Amino acid sequence: MSEYRSAAVGSHSSVVLFSAAGIKTVSAENAKDAEKAVNKLVKEGYGIIFLTENYAKELENELKRYRNTAYPVILPVPERSGPGGYGMQKINSNMEKAIGTNIFDKD
Amino acid sequence: MRVATVNPTRMELTKTKKRLSTAARGHKLLKDKQDEMARQFMIYIRRNKQLREEIEALLGDAMGKMSLAEAEMGKVSLEEALMISANSAPPECTEKNVMSVRVPEITAKPQIEHGITYGFAFTSEKLDSAYLAMNELMPKLYELAAVEKACDMLADEMERTRRRVNALEYIMIPEMKATIKFITMKLEDNERSNTVRLMKIKDNLAKQA
């Protein structure tokens, strides 16, 4: 029904790739900038925000308030230096929260 | 088990019994909800894991190419080349109801084949492959965004449901059962003392006569 625009927030070298897909990118050099950028984007009506893992991890508590509504969706994406494991860790913690134990094989 | 402080009256007994049956029904319903949610959650979380693994590999690849391109072309001309990007159709964003949790659903619109939208004269061929890889990746990224959010929301809801089920199962229902027992015993006791009193009075009257 509705269309949300998407944006990517992170260090310059990590988000430049997103501009290739026609997505608005915001460079942030530290977690505080990233937080400001995310809040601003949400206010401006961006519904999908790709945030690099290192900032997503640092801002975990600040981003909790976006957790219980369908939009905005904030997706941690691996940064330039490769996946830091935060995304996988998030899957496992969701699993533990929901089921009470992690039933995926530890690999 | 703790007994709620109530007056041991018949009215209180009926009320508590009614509450107990409601609680028992609620408990059963919540338990069913929990089961179904676990099933749905498993579907989502599997997809989530699978997509994330894929994307972490592919995105890392594309990012590597992109930094090579940046190294070759320089930051400014790279940004310039990507300034006019035609593939910016926003994805279709809807909500889906999964066990009364409204989760997002995002479907990327089919991209119109623009090919590459910048000139080849001043750009590196590394940029081309990064650009194409990224555009291929976008639908998956959108799907991952939706699926991961759905997992977040379902996990929260499942935790809440589990707490409710446990509160009903281990606190509310035993407490009500204990209250019912307490009231019934109190009432029976009253009944007995009443009978005894009547018998005593009857004895006394018989002696007087």
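Please read these numbers as outputs of a predicted model, since none were measured by experiment.

Okay, the interface of chain A and chain B next. Counting residues at the interface gives 46 residues for chain A, matched by 55 residues for chain B. Of the roughly 4500 Å² buried at the junction of chain A and chain B (both faces included), carbon and sulfur atoms supply 65%. In this structure, A:E53 engages B:R52 in a salt bridge whose closest nitrogen and oxygen atoms are separated by 3.9 Å. Counting across the interface, chain A meets chain B through 14 residue pairs in polar contact (both at pLDDT 80 or more).

In this structure the tally under the stated criterion is 21 salt bridges over all chains. Here A:E44 makes a salt bridge to A:K40, at a shortest N to O gap of 3.6 Å. With relative accessibility at 40%, the residue A:E44 sits in the partly exposed group. Residue B:E54 is joined to B:K140 by a salt bridge in which the shortest nitrogen-to-oxygen separation is 2.7 Å.

Residue and element names in this part refer to chain A. With respect to the secondary-structure elements, N39 resides in helix α2 (residues 31–43). A distance of 2.7 Å separates the side chain of N39 from the side chain of Y66, its partner in a polar contact. Apart from the residues within four sequence positions on either side, N39 is in contact with R65 and Y66.

The strands making up a sheet are joined through hydrogen bonds of the backbone, oriented either antiparallel or parallel. All names here are of chain A. If you walk across this open sheet you meet the four strands as β3-β2-β4-β5, and the pairing is parallel. Looking at which strands have only one partner, the edges of the open sheet turn out to be β3 (24–27) and β5 (73–77). Across this sheet, the average inter-strand angle for adjacent strands is 20°, counted without regard to direction. Sheet analysis places strand β4 (residues 46–52) next to β5, joined by five bridges and oriented parallel. Counterpart to L51 in the pairing with β5 is P76. In the packing of α2 onto the sheet, contacts are made with β2 (5–10), β3, β4 and β5, and the angle to β4 comes to roughly 165°.

Conventions adopted
- For every chain, the first residue of the written sequence is number 1, and numbering continues from 1 onward in sequence order.
- Going through the entries in the order they are written, you letter the chains from A and number the ligands from 1.
- Confidence filtering applies because this is a predicted model: local features only for residues at pLDDT of at least 70, side-chain atom pairs given and counted only at 80 or more, and all residues used for totals across whole chains, interfaces and linings.
- Only hydrogens and water are removed before side-chain values are computed, so all heavy atoms of the structure are retained for them.
- Pairs of residues are marked as contacts when any of their non-hydrogen atoms sit within 4.5 Å.
- Accessible area that two parts lose when put together, evaluated with a 1.4 Å probe and summed over both, is termed the buried area.
- A carboxyl oxygen of Asp or Glu within 4 Å of a side-chain nitrogen of Lys or Arg is what we treat as a salt bridge.
- Here a polar contact is recorded for every N or O atom pair within 3.5 Å, except that within protein the pair must consist of a potential hydrogen donor and a potential acceptor, and residues adjacent in sequence are included only if both atoms are side-chain atoms.
- With a 1.4 Å probe rolled over the protein chains alone, any residue whose accessible area is under 20% of its type maximum counts as buried; one over 50% counts as exposed, and the rest are partly exposed.
- Here a helix means four or more residues in a row that DSSP labels H or I, a strand means two or more in a row labelled E, and each is numbered from the N terminus.
- Here, any two strands with at least 2 DSSP bridges between them count as paired.
- Fitting a line to C-alpha atoms yields each axis, with helices limited to the stretch in contact; the angle taken between N-to-C directions then spans 0 to 180 degrees.

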